[in-house]
Amino acid sequence: MKELSDYNKNVRIDLHIHSTASDGTLSPLEILNLAQSLNLGAISLTDHDTIDGTKEALAIGISPSLKFLTGVEISVHPPPSFSFSGSFHVLGYAINIDNSILNQTLAILQEARKDRNPRIIELLNRMGFELTLNEIQKEVGECQIGRPHIAKLMVKKGFVQSINEAFDKYLAKGEPAYVDKFRVGCDRAIEVILDAGGIPVLAHPFLLNIKNDTVLEALIISLKEIGLKGIEVYYPEHTQNLIARYTEIANRHGLLMTGGTDFHGSTKPGIKMGSGKGNLSIPYDLYEKLIASL
Ligand code: AMP
Ligand code: ZN
Ligand code: FE
Ligand code: FE
């Protein structure tokens, strides 16, 4: 047994990965192959508002040396008493992919995305940028279109130099081509994940853009009251200080800890699977504790 635990001590995991089912550029098969070549111990596909990539990976079959968690990342509204400008996302792990309420809820969110894209394109057209949804669909095939795909086409057409510039000048919240999309409340997302037998986790707390630690902790307490089970402590944007702070919050409130790189392939060129900007190292025992909680 000692040998096994020493082995596990050195194994790394990545529980936040996007595939071509949402706005990543690697297919589920390519992700499984890359994870194996990187010797990762466990991964999860957490596509935006869809489990199609997770389903595809399971259908392909996963090598016994790689642990695989079903996953999803849902964009949500804050509870009524909180207001902040950042990205509020709830991750769901170990969900039953055949759960009907989960599938129905995700189908509604997919529709909302479809409704939003033409409105973004129209705003860009009015600003003088000539691009169409058809052009993007041709590039991405069957995948779910999101803002990164629009940004990519803007780069390709020379309207902007980079995906970041497309977001900063046009597509990000508050910019002229931003269109809000229908979201579910965080309480609903948490309920749906729990109902599907899954573990709801607060994604990348740093990206919520809550400056005040007391407010962040109050939010986490409220979320725990409605069923939140964990916090994504390890994330490329989380400094050592933030990791320590989120670990402390998780321990104080009896919450699980997770971590992932938010790998998107070439949509986020600076982020590598398993290591983020190069120095992220997410221990295998987080995966073991997650599994043990089921
Ligand atoms: P959407 O699904 O259309 O809301 O787009 C969300 C995706 O856009 C996520 O993958 C984010 O990583 C990416 N994203 C959001 N804001 C920015 C930004 N300012 N710069 C680059 N990518 C961003
Ligand atoms: Zn994404
Ligand atoms: Fe996210
Ligand atoms: Fe993500």
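The residue numbering used here restarts from 1 in each chain and proceeds along that chain's sequence as written. As they are written, the chains are lettered A onward and the ligands numbered 1 onward, keeping that order. pLDDT decides what is reported in this predicted model: residues at 70 or higher carry local features, side-chain atom pairs at 80 or more are listed and counted, and totals for whole chains, interfaces and linings draw on all residues regardless. Calculation of side-chain values draws on the structure's entire complement of heavy atoms; hydrogens and water are dropped beforehand.

1. Here we look at the sheet that holds strand β6 (residues 184-185)
Two strands in a sheet stick together by hydrogen bonds in their backbones, pointing the same way (parallel) or opposite ways (antiparallel). Following DSSP output, two strands are said to pair if at least two bridges run between them. Each helix is a run of DSSP H or I of at least 4 residues and each strand a run of E of at least 2, with the numbering of both proceeding from the N terminus. Spatial strand order, β6-β4-β5-β7-β8-β9: six strands in an open sheet with mixed pairing. Looking at strand neighbours, the two that pair on one side only are β6 and β9 (256-259), the edges of this open sheet. We call two residues in contact when some of their heavy atoms are within 4.5 Å. To obtain an axis, a line is fitted to C-alpha atoms, over the contacting stretch when the element is a helix, and the angle between two such axes runs from 0 to 180 degrees between their N-to-C directions. The sheet contacts of helix α10 (residues 240-252) involve β8 (230-234) and β9, and relative to β8 the element is tilted by about 160 degrees.

2. Digging into the coordination of the iron ion (ligand 3)
When a metal carries six donors in an octahedron, the ideal angles between them are 90 or 180 degrees, while four donors in a tetrahedron ideally lie at 109.5 degrees. The donor definition counts N, O and S atoms within 2.8 Å of each metal and applies 3.2 Å to Na, K and Ca; water is not among these atoms, so some sites may look incomplete. Taken together, the protein donors to the iron ion (ligand 3) comprise E73 (OE), H89 (ND1) and H204 (NE2), at separations of 2.0 to 2.2 Å. Ordering the donors of the iron ion (ligand 3) by residue number gives the pattern E-x15-H-x114-H. In this structure, the iron ion (ligand 3) lies 3.4 Å from the iron ion (ligand 4), and both are coordinated by E73. Of the two residues, E73 is situated in strand β4 (residues 71-77) and H89 in strand β5 (residues 89-93); the sequence distance between them amounts to 16 residues.

3. Quick word on the pairing of strand β7 (residues 199-202)
Across the two faces of β7 the burial is the same, with I199 and V201 and P200 and L202 all buried. Direction of pairing for β5 relative to β7: antiparallel, over a ladder of four bridges. Its bridge partner lying in β7, G92 is registered against P200. Alignment of β7 against β8, held across two bridges, turns out to be parallel. Bridge assignment links L202 to a residue of β8, and that residue is I231. The definition of a right-handed crossover adopted here requires that, viewed with the strands pointing away, the path from the first strand over the helix to the second runs clockwise. A crossover connection joins β7 to the parallel β8 through helix α9 (residues 213-225); in handedness this β-α-β unit is right-handed. Throughout this description, buried means an accessible area under 20% of the type-specific maximum (1.4 Å probe, protein chains only), exposed means over 50%, and partly exposed covers the range between.

4. Side note on the environment of P205
Here P205 lies in the loop between β7 and α9. Distance in space between the C-alpha atoms of P205 and R147 is 21 Å, their sequence separation being 58 residues. With sequence-adjacent residues up to four places away left out, P205 is seen in contact with L216, I231, E232, H238 and Y246.

5. Observations regarding the sheet that holds strand β3 (residues 67-69)
With parallel pairing, the three strands of this open sheet are ordered in space as β1-β2-β3. Looking at which strands have only one partner, the edges of the open sheet turn out to be β1 (13-17) and β3. Strand-to-strand twist in this sheet, taken as the mean axis angle between neighbours without regard to direction, amounts to 15 degrees. With three bridges joining them, β1 and strand β2 (residues 42-45) adopt parallel strand pairing. Looking at β2, one finds that D14 is bridged to I43.

6. As for the domain arrangement of the chain
Splitting the chain by domain gives domain 1 (2-99 + 186-293) and domain 2 (108-171). Residue ranges labeled as domains rest on an automatic or database domain assignment. For domain 1 versus domain 2, the distance between C-alpha centres works out to 26 Å. Both sides together, the interface formed by domain 1 and domain 2 hides about 850 Å², and carbon and sulfur atoms give 51% of it. Of all residues in domain 1, the largest losses of buried area upon contact with domain 2 belong to D23, D49 and T267, amounting jointly to 49% of the total for that side. By convention, the term buried area covers the 1.4 Å-probe accessible surface removed from two parts as they join, with the contributions of both added.

7. Quick word on the coordination of the iron ion (ligand 4)
For the iron ion (ligand 4), the full set of protein donor atoms is H16 (NE2), H18 (NE2), E73 (OE) and D262 (OD), at a range of 2.0 to 2.2 Å. Four donors are marked tetrahedral only if all angles between them lie between 85 and 135 degrees, whereas four are marked square planar and six octahedral if opposite donors are more than 155 degrees apart and the other angles lie between 65 and 115; the remainder are marked irregular. For the iron ion (ligand 4), the four donor atoms in the first shell make angles of 80 to 169 degrees at the metal, a pattern classed as irregular. Read in sequence order, the donor residues for the iron ion (ligand 4) give the motif H-x1-H-x54-E-x188-D.

8. With respect to the packing of aromatic side chains
Between 30 and 60 degrees the pair is tilted, below 30 it is stacked and above 60 it is edge-to-face, where a pair is any two Phe, Tyr or Trp rings, Trp via its six-membered ring, whose centres lie within 6.5 Å. For the structure on display, the rule yields four aromatic pairs. Look at Y284 and Y287: their rings are 5.5 Å apart centre to centre, the planes differ by 45 degrees, and that puts the pair in the tilted class. Of the two residues, Y284 and Y287 are both situated in helix α11 (residues 284-292); the distance of three residues between them amounts to about one turn of the helix. Each member of the pair, Y284 together with Y287, is buried.

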